[in-house]
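# Reading the structure
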Amino acid sequence: RSTLFPYTTLFRSRTGIANEKGEIVLINQQTEILFGYTRDELIGKPVEILIPADFHNKHVDHRTNYFADPKVRSMGAGLELFAVRKDNSSFPVEISLSPLETSEGILVSAAIRDITDRKRAETQIQRQKQDIQDFIDSMSTLCAKITTDGKLLMVNKTSILATGLTIEELLNTNFMEGEWWTFDPDVHARVCNAFEKARSRSEEHTSELQSQNRIS
């Protein structure tokens, strides 16, 4: 029996283990379900069977480099990674690599996380942000989205054109300073007073909701 057998009870996440030649030597049930393969279909196969074909050659090089300096780290840090199921459908993943010292030599354990739902949520949030940006850009007056402490989160094109500042410069400006939208001290005072009232009402509303949640 393989000396890796005791490891099968340790890995609760979707995990696969490969040797230095890139051959899969162990997977758990969660990994079988994720990829649609049986264990017998994967054991002994190259790990490249689970990644897009366009990346096979590069992955062989990356694998060789990893075994030259094995350590715990994320795979492809800063990159978007994809895996491939038995039916050839691909999905986004995050993979954590860990070296294992065994009587069979140094092996690498890959903990695989399917992040499809997270990516879908991120896309939806980005789409909503773009909808808001498109809406305020359609306004002919200066318009901005602001936190309760005055930090600018979003401004429209009219604001950028009127101030002559770049989007980066505007977003680094606090709304309460006011230089970018008025030079009139009276206007500035009235707007700041209105903003303070709106912020107070918002904080009161938030506090009321929190109290109701604690009671329920």
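This text follows the structure it describes.
Each chain carries its own residue numbering, running from 1 in the written order of its sequence. With the structure being a predicted model, the display of local features is reserved for residues of pLDDT at least 70 and the display and counting of side-chain atom pairs for 80 or more, all residues being used for whole-chain, interface and lining totals. Calculated side-chain values reflect all of the structure's heavy atoms, with hydrogen atoms and water omitted.

### A closer look at the overall build of the protein
Cut-off, in case you're wondering: Helical segments are the DSSP runs of H or I of at least four residues, strand segments are the runs of E of at least two, and each set is numbered from the N terminus. Each residue's exposure class comes from its accessible area (1.4 Å probe, protein chains only) as a fraction of the maximum for that residue type: buried when under 20%, exposed when over 50%, partly exposed otherwise. In this analysis, two residues are considered to be in contact whenever any of their non-hydrogen atoms come within 4.5 Å of each other. To measure how exposed things are, a 1.4 Å probe is used in the Shrake-Rupley method; for residues, cover is taken only from the protein chains shown.
Looking only at helices and strands, the protein features 7 helices and 8 strands. By residue count, 29% of the 216 residues in the protein fall in the buried class. Within the protein, residue pairs in contact and separated by at least 24 positions form 36% of the contacts whose partners lie at least 6 positions apart. In the structure as shown, the protein presents an accessible area of about 14400 Å², 53% of it carried by carbon and sulfur atoms.

### Quick word on the pairing of strand 4 (residues 81-84)
We count it as follows: A pair of strands is treated as paired once DSSP finds two or more bridges between them.
Of the strand pairs in this sheet, strand 4 and strand 5 (residues 90-102) are connected by 4 bridges, and their pairing is antiparallel. Bridging from a neighbouring strand, phenylalanine 82 pairs with proline 92 of strand 5. Linking two consecutive strands that pair antiparallel, namely strand 4 and strand 5, is a turn of 5 residues; a positive phi of about 75 degrees is found at asparagine 88 within it.

### A few points about the side chain of asparagine 156
Put simply, the rule reads: What qualifies as a polar contact is a pair of N or O atoms within 3.5 Å, subject to a donor-acceptor requirement within protein and to the restriction that residues adjacent in sequence count only when both atoms come from side chains.
Here asparagine 156 lies in the loop between strand 8 (152-155) and helix 5 (157-163). Assessed through its relative accessible area of 0%, asparagine 156 is described here as buried. At a separation of 2.8 Å, a polar atom in the side chain of asparagine 156 contacts the main-chain carbonyl oxygen of threonine 141. In contact with asparagine 156, other than residues within four places in its own chain, are Gln133, Ile136, Asp137, Met139, Thr141, Leu142 and Cys143.

### Quick word on the pattern of salt bridges
Quick note on the threshold: Salt-bridge detection follows one rule: a side-chain nitrogen of Lys or Arg within 4 Å of a carboxyl oxygen of Asp or Glu.
This structure, assessed with the given rule, holds 13 salt bridges. Put simply, glutamate 32 and arginine 39 hold a salt bridge, and the shortest N to O gap is 3.1 Å. Taking the relative accessible area as the measure of exposure, arginine 39 reaches 35% and is therefore partly exposed. In this structure, the salt-bridge partner of glutamate 80 is lysine 119, at a minimum N-O distance of 3.5 Å. With glutamate 80 in the loop between strand 3 (73-74) and strand 4 and lysine 119 in helix 4 (residues 116-137), this pair connects stretches of sequence that are 39 residues apart.

### What about unusual backbone geometry?
Its identity as a non-glycine residue notwithstanding, asparagine 88 has a phi of 75 degrees, on the positive side. Relative to the helices and strands, asparagine 88 is located in the loop between strand 4 and strand 5.

### Observations concerning the nonpolar core
Quick reminder of the rule: In this description, a nonpolar core means a group of buried Ala, Val, Leu, Ile, Met, Phe, Trp, Tyr and Cys residues linked to one another through side-chain atoms lying within 4.5 Å.
Ranked by internal contacts, the top residues of the largest apolar core, which has 20 residues, are Phe35 and Val93. The biggest single contributor to this core is strand 5, with 4 residues. Aside from chain neighbours lying at most four places away, what touches valine 93 is Leu81, Phe82, Ala83, Ile112, Arg113, Asp114 and Ile115.

### Considerations on the layout of surface pockets
As a reminder of what qualifies: Cavity means a closed set of points on a 1 Å grid over the protein atoms alone, one where a 1.4 Å probe fits but cannot get out, pocket means an open set with protein on both sides within 12 Å along at least 5 of 7 lines, and lining means a residue has an atom within 4 Å of a point. Grid points are joined across faces, edges and corners, and a volume is the space filled by probe spheres set on the points. Ten residue types, Ala, Val, Leu, Ile, Met, Phe, Trp, Tyr, Cys and Pro, are classed as nonpolar, four, Asp, Glu, Lys and Arg, as charged, and the remainder, Gly among them, as polar.
Put simply, the largest pocket is a space of about 780 Å³. Along its surface, the largest pocket is lined by 32 residues, and Ile51, His59, Met75, Leu81 and Ile95 are the ones closest to its centre. Of all the elements, helix 3 (residues 56-68) adds the most residues to the lining of the largest pocket, at 6 residues. For the lining of the largest pocket, the class distribution of residues is 23 nonpolar, 5 polar and 4 charged. Taken as a whole, the second largest pocket spans an internal volume of roughly 270 Å³. Taken together, 20 residues form the lining of the second largest pocket, with Val93, Glu94, Ile95, Ile115 and Arg118 sitting closest to its centre. Elements supplying a minimum of two residues to the lining of the second largest pocket: strand 4, strand 5, strand 6 (105-114) and helix 4.

### Observations concerning the packing of aromatic side chains
To describe a pair of aromatic rings, one takes the distance between the centres and the angle between the planes. As a reminder of what qualifies: Centres within 6.5 Å make a pair out of two Phe, Tyr or Trp rings, where for Trp the six-membered ring is used; the pair is then stacked when the planes are under 30 degrees apart, edge-to-face when over 60, and tilted otherwise.
Applying the stated rule across the entire model yields 3 aromatic pairs. Ring centres of phenylalanine 35 and phenylalanine 91 lie 5.7 Å apart, and the angle between their planes is 55 degrees; this geometry places the pair in the tilted category. Taken together, the positions of phenylalanine 35 in helix 1 (residues 29-35) and phenylalanine 91 in strand 5 put the pair 56 residues apart, joining distant regions of the chain. Comparing phenylalanine 35 with phenylalanine 91 shows no difference in burial state: the two are buried. Arranged with centres 5.4 Å apart and planes meeting at 45 degrees, the rings of phenylalanine 175 and phenylalanine 195 form a pair that is tilted. One end of the pair, phenylalanine 175, is in the loop between helix 6 (167-171) and helix 7 (185-215); the other, phenylalanine 195, is in helix 7, with 20 residues separating them in the sequence. Phenylalanine 195 carries the same exposure label as phenylalanine 175, and that label is buried.

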